[in-house]
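Here is what each chain is made of, one letter per residue.
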Amino acid sequence: MTDSSRRRALLEARYGQQATPENIIWNEQIETLLAHRSVRAFTDEPLPEGALETVVAAAQSASTSSNLHQWSLVSVSDPETKAELARLTHGAKFAGFDFVAQAPSVLLWVADMSRSHEISVEKGGDPVVTDYLDSFLMSSVDAALAAQNGLVAAEAIGLGGVYLGSLRNHAKELADLIGLPAYAYVVFGMAIGTPDPHRPSAVHPRPAQDVVLHRERYRTRPTKEWIEDYEIAFKDFRTEYGLRDKTWSHSVVMGMGLEYMDGRENLRRTLEQRGYLLR
Ligand SMILES: Cc1cc2nc3c(=O)[nH]c(=O)nc-3n(C[C@H](O)[C@H](O)[C@H](O)COP(=O)(O)O)c2cc1C
């Protein structure tokens with residue numbers, strides 16, 4: 001495949017038949033980003049030597065609010081702990097097989113104010129900032145930026161992975177399982193490993209750029225102006241990969257309903273118990 005046909009294929013996979021930008025400034029890094037797909041089926045191979053350290057170096061290279069480094073990573077490869085994580089995420093519910101237990105490694109990305117809290121107390125400061133909603137957001141954003149850099153690095157070295165927001169369904173049990181200190185919680189997990197070539201995943205289409213990109217000012221658009229085109233891309237994707245027929249709007253309705261919470265409605269209480277007062 002030539003560079004230009006590979007790049008064209010990436011754009012078509014990302015946007016389907018919707019309008020695609022013609023002026024992408026391509027290079028290898030951009031190709032890796034545009035080729036992202038969540039991976040939920042792995043071979044039995046452990047992570048290659050140096051992979052974890054590469055992911056962490058990339059994660060630590062993300063920007064971090066006020067240079068406070070308020071995130072941590074707990075890397076789990078012990079089968080018993082992974083089985084417990086699979087139970088907490090209901091991993092099997094998403095893929096029909098337990099990809100969380102099967103992944104060679106599950107990374108738990110932690111929003112972690114514990115180090116700054118301790119340093120502040122030890123040095124005679126008054127860490128009141130931890131009581132505010134903004135510090136919850138700040139540490140969660142730090143963890144998310146680190147995680148995304150880590151996932152991109154994993155993909156760049158031939159690994160694949162998927163975020164596990166479902167780990168927040170049982171935030172308290174999870175914190176106990178891995179012995180988290182106060183002022184820390186797991187924002188999400190991430191199953192990573194070598195993608196199983198016999199069960200490949202595909203690039204999921206996104207809405208056209210003009211749905212998410214606003215120039216100069218936010219422009220409120222009626223949903224009906226764009227949703228049909230995205231529904232077509234969504235349907236084409238599901239048909240091509242033999243997935244059950246359903247609309248994207250249906251997924252939105254399901255994702256916005258109470259049933260989706262599945263334990264996450266307790267998150268505020270767990271966070272408060274862990275020292276996040278969310279004022
Ligand atoms: C914060 C976050 C949490 C997620 N949690 C889960 C999860 O618990 N289980 C799962 O199977 N996928 C999870 N995903 C993956 C999304 O379902 C996936 O990114 C989305 O369907 C788009 O597919 P793609 O990543 O292949 O482009 C999560 C993604 C993000 C960003």
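Residues numbered from 1 in each chain as written. Predicted model: local features only at pLDDT ≥ 70, side-chain atom pairs only at ≥ 80, totals over all residues. Heavy atoms only, no water.

Draft legend 1. How the structure looks around the overall build of the protein chain. The number of helices and strands found in the protein chain is 13 helices and four strands. Here the C-alpha radius of gyration of the protein chain, 20 Å, is about what a compact globule of 279 residues would show, namely 19 Å. Summarising its shape, the C-alpha atoms of the protein chain cover approximately 60 × 50 × 40 Å along the three principal directions. In the protein chain, which comprises 279 residues, the share counted as buried stands at 42%. For the protein chain, long-range pairs separated by at least 24 residues make up 78% of all intrachain contacts whose partners lie at least 6 apart in sequence. Carbon and sulfur atoms form 54% of the exposed surface of the protein chain, whose accessible area is close to 16,000 Å². Where the 29 positive side-chain charges of the protein chain centre and where its 37 negative ones centre are 5 Å apart. (Helix = DSSP H or I, 4+ residues; strand = E, 2+ residues; numbered from the N terminus. Rg over C-alpha atoms; globule rule 2.2 N^0.38 Å. Buried < 20%, exposed > 50% of the residue type's maximum accessible area, 1.4 Å probe, protein only. Contact = heavy atoms within 4.5 Å. Areas by Shrake-Rupley, 256 points an atom, 1.4 Å probe, with all protein chains shown as cover. Lys, Arg positive; Asp, Glu negative; His and termini not counted. Charge placed at Lys NZ, Arg CZ, Asp CG, Glu CD.)

Draft legend 2. Local environment of the site of the ligand. Taken together, 14 residues sit near the ligand, with His36, Ser38, Arg40, Gly165 and Ser166 positioned nearest. With respect to the ligand, the side chain of histidine 36 contributes an N or O atom lying 2.7 Å from an oxygen atom. In the model, an oxygen atom of the ligand is placed 2.7 Å from a nitrogen or oxygen of the serine 166 side chain. Its free accessible area being 620 Å², the ligand has 70% of it covered by the protein chains. Ranked by residue count, the leading element in the shell around the ligand is strand β3 (residues 160-164), at three residues. Split by residue class, the shell around the ligand holds six nonpolar, five polar and three charged. (Near = heavy atom within 4 Å. Polar contact = N/O pair within 3.5 Å; in protein donor to acceptor, adjacent residues only side chain to side chain. Nonpolar A, V, L, I, M, F, W, Y, C, P; charged D, E, K, R; others polar.)

Draft legend 3. Highlighting the pairing of strand β2 (residues 105-112). Counting buried positions over the eight residues of β2 gives eight, a clear majority of the element. Both strand β1 (residues 71-76) and β2 contribute to a ladder of six bridges, which runs antiparallel. When the sheet's bridge partners are listed, serine 72 is paired in β2 with valine 110. Summarising the sheet, β2 and strand β4 (residues 184-193) pair through eight bridges and their orientation is antiparallel. Each residue of the ladder has a partner; that of valine 110, found in β4, is valine 186. (Pairing = 2+ DSSP bridges.)

Draft legend 4. Layout of the pattern of salt bridges. Tallied over the entire structure, the rule returns 14 salt bridges. Note that aspartate 245 is salt-bridged to lysine 235, the shortest N-O span being 3.6 Å. Placement of the pair is aspartate 245 in the loop between α11 (227-240) and α12 (248-256) and lysine 235 in helix α11, with a sequence separation of ten residues. Lysine 235 gets classed as partly exposed once you look at its relative accessible area, which sits at 43%. Salt bridges sharing partners connect three or more residues here, namely Asp3, Arg6, Arg7 and Glu31. (Salt bridge = Lys/Arg side-chain N within 4 Å of Asp/Glu carboxyl O.)

Draft legend 5. Here's a closer look at the nonpolar core. Ranked by internal contacts, the top residues of the largest apolar core, which has 26 residues, are Trp109, Tyr185, Met190, Leu271 and Tyr276. Of all the secondary-structure elements, those providing two or more residues to this core are α3 (51-60), β2, α8 (133-156), β4 and α13 (267-273). With residues up to four places along the chain from it excluded, the contact list for tyrosine 276 reads Ala111, Asp112, Met113, Thr130, Ser135, Phe136, Ser139, Tyr183, Ala184, Tyr185 and Leu271. Among the nonpolar cores identified, the runner-up in size contains 22 residues, and Leu85, Leu88, Phe99 and Leu108 belong to it. (Core = buried A, V, L, I, M, F, W, Y, C linked by side-chain atoms within 4.5 Å.)

Draft legend 6. A look at helix α1 (residues 3-15). The terminal C-alpha atoms of α1 lie 18 Å apart, and with 13 residues this matches the ideal 18 Å at 1.5 Å per residue to within 8%. Elements that come into contact with the buried residues of α1 comprise α2 (28-34), α10 (209-212) and α11. Looking one or two places after α1, you find glycine 16, whose phi comes out positive at around 60°. (Expected span 1.5 Å × (residues − 1).)

Draft legend 7. A look at the packing of aromatic side chains. Taken as a whole and judged by the stated rule, the model has nine aromatic pairs. Where tryptophan 226 meets tryptophan 248, the ring centres are 6.0 Å apart and the plane angle is 55°; that geometry is what we call tilted. Placement of tryptophan 226 in the loop between α10 and α11 and of tryptophan 248 in helix α12 is noted, with a sequence separation of 22 residues between them. When the centroid spacing of 5.0 Å and the interplanar angle of 45° are considered together, the rings of phenylalanine 237 and tyrosine 241 count as tilted. Taken together through their ring pairs, the aromatic side chains of Trp226, Tyr230, Phe234 and Trp248 make up a single cluster. (Phe/Tyr/Trp six-rings, centres within 6.5 Å; stacked < 30°, edge-to-face > 60°.)

Draft legend 8. Local environment of α3. Among all positions in α3, only Ala51, Val55, Ala58 and Ala59 are buried. Summarising the axial view, the buried residues of α3 lie within an arc of 100°, below the 170-degree limit, and thus occupy one face. Along α3, exposed side chains directed more than 90 degrees from the buried face belong to Glu53 and Gln60. In this structure, the buried side of α3 is in contact with β1, β2 and α8. (Arc of directions from axis to C-beta.)

Draft legend 9. Fine view of the packing of α3 against α8. Between α3 and α8, the shortest axis-to-axis distance is 7 Å and the interhelical angle comes to 135°. Taken together, the axis directions place α3 and α8 in an arrangement best described as oblique. Where α3 crosses over α8, the handedness of that crossing is right-handed. Of α8, the residues touching α3 (which contributes Thr54, Val55, Ala58 and Ala59) are Ala146, Asn149, Gly150, Ala153 and Ala154. By residue class, the composition of the contact of α3 with α8 is six nonpolar, three polar and no charged. (Axes fitted to C-alpha atoms, helices over the stretch in contact; angles between N-to-C directions. Parallel < 35°, antiparallel > 145°, perpendicular 65-115°, else oblique. Left-handed = near helix turned anticlockwise from the far one by under 90°.)

By themselves these figures say nothing about function.
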